Amino acid sequence: MAKRVGRIRDVARESGLSIATVSRVMNGTKFVAPETRERVLAACQKLDYLPNPAARALSTSITKTVAAVIPTIEHNIYAKYITAVEQTLSLHKYSLVLAISNADENEELTAVRKLLGMGAEAFILTGAAHSDELVDLLNRRGVAHVFASVWDPELPSPTIGYDNFAIAAEAVRFLTGKGHHRIAVVHGAMSESDRTRQRRAGADSVDLPGLAVEFFETPLNVAGGKAALRRLIESETRFTAILCLSDVLALGCYFAAAEAGLTIPDDLSVMGFDNLDWSSELYPALTTINLPARRMGRLAATHVVAHLETGAAIEPLLLEGQFIERDSVREI
């Protein structure tokens, strides 16, 4: 038979104090005598009493809960980022609630409304493209929020992340520096991600003599990478390098290249984006761009907590990508 846990009225009876006094101790009120606090805590321990967070939230409007909404949990980079968010919040005695939007603004808005109803005090959202209704909802309620994975100091909401446009442009310049001037850029669906749109625009912004860049949109998974490589093989252009705007797509290109009898990098150089954990284990090891997802998660959580605790403004924060040169890109 399950043990019956104590209730707040049992703690009051055991300690000889009023329910109101016990409640003040549980809510961390400063103006409680040390001996009173000790009596309440001793009674709690004896009765195995734990305060009900939901009830405490109703009375204090403080839940110590932060919500994060991400497009998917299927890709490793989101897993690394969310793990860092949760671990950092936990260090500060905050809890994380997570929702998946499936890259759909309506689903995201529905999730945010539900999380607000659960008492979320702040939100960490992915990307800069959100419905006006969602942003207006958070602003009207005075709910702190930050956009992660992007950096744009001109936005009214704070951003902590990367300059996806600039990093993609630099990736094209990296390949041209290796002698590649016929470059295929493989990317996920433009409609699903403002980060993808920013990266594609950055790759398209490079204007150098003799440079030809073509774009191949495909589903953001391994099968999509394979399909894109088959398409570019059939193209009239003989590409010497592929820039994949995700390591997942690069992995698909590896598989399709092997099926087509092509050798990387002798026949075709391949470059990725994200530096996922397995990218160094491919053969040849994948040249890619490291995005500090874990650091971004820690910083986003830290700044949100600082705002909730002290009222400190959440300032835009730019994180730099790092080029990881391995063996999948050769100089020609």
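Residues numbered from 1 in each chain as written. Predicted model: local features only at pLDDT ≥ 70, side-chain atom pairs only at ≥ 80, totals over all residues. Heavy atoms only, no water.

**Considering the environment of Ser-235**
Definition in use: Put simply, DSSP marks the helices as runs of H or I at least four residues long and the strands as runs of E at least two long, and each gets a number from the N terminus on. Identification of polar contacts relies on pairs of N or O atoms within 3.5 Å, with a donor-acceptor requirement for protein atoms, meaning one able to donate a hydrogen and the other able to accept it, and with residues adjacent in sequence counted only if both atoms are side-chain atoms.
Within the secondary structure, Ser-235 sits in the loop between helix H10 (222–234) and strand E8 (241–244). Within the structure, the side chain of Ser-235 is placed 3.2 Å from the backbone nitrogen of Thr-237, a separation counted as a polar contact.

**Considering a nonpolar patch on the surface**
For the record, the criterion: Patch rule: a residue counts if its relative accessible area is over 30% and it has no salt bridge; like charges are joined within 9 Å, and nonpolar side chains (Val, Leu, Ile, Met, Phe, Trp, Tyr) within 5 Å. Throughout, the Shrake-Rupley method with a 1.4 Å probe supplies accessible areas, and for residues the shown protein chains are the sole cover considered. Salt bridge, as used here: a side-chain nitrogen of Lys or Arg that lies within 4 Å of a carboxyl oxygen of Asp or Glu.
A cluster of nonpolar side chains, namely Ile-73, Leu-98 and Ile-100, defines an oily patch on the protein surface of about 230 Å² accessible area. Considering the arrangement of structural elements, one finds Leu-98 in strand E2 (residues 95–100).

**What to know about the nonpolar core**
In summary, soluble globular proteins display a tendency toward joint burial of nonpolar side chains. The line we're drawing: Among buried residues, the Ala, Val, Leu, Ile, Met, Phe, Trp, Tyr and Cys ones that are joined through side-chain atoms within 4.5 Å form a nonpolar core. To sort residues, take the accessible area from a 1.4 Å probe on protein chains only and compare it with the maximum for the residue type: under 20% means buried, over 50% means exposed, and anything in between is partly exposed.
Tyr-81, Ile-124, Leu-175, Leu-243 and Met-271 are the most contacted members of the largest nonpolar core, which totals 49 residues. Those elements that provide at least two residues to this core are strand E1 (65–70), helix H5 (76–91), strand E3 (122–126), strand E4 (144–148), helix H8 (164–177), strand E6 (182–187), E8 and helix H12 (293–310). Among the nonpolar cores identified, the runner-up in size contains 21 residues, and Val-186, Leu-249, Leu-251 and Ala-256 belong to it.

**Some remarks on the sheet that holds E1**
Heads up, the rule is: Any two strands with at least two DSSP bridges between them are considered paired.
Spatial ordering of the open sheet is given by E2-E1-E3-E4-E5-E11, a layout of six strands whose pairing is parallel. Both edges of this open sheet fall to E2 and strand E11 (317–318), since each of them pairs with a single strand only.

**Regarding unusual backbone geometry**
With an omega dihedral of 5°, the bond running from Ile-264 to Pro-265 counts as a cis peptide bond. Examined against the element boundaries, Pro-265 turns out to sit in the loop between helix H11 (247–259) and strand E9 (269–271). Of note, the amide linkage connecting Tyr-283 to Pro-284 takes the cis form, showing an omega dihedral of -5°. By the secondary structure assignment, Pro-284 is in the loop between E9 and strand E10 (288–290). In the Ramachandran plot, Ala-103 falls in the positive-phi region, its phi being about 55° despite a non-glycine side chain. Its place among the elements puts Ala-103 in the loop between E2 and helix H6 (105–117). Look at Ala-103 and you get partly exposed, because its relative accessible area is 30%.

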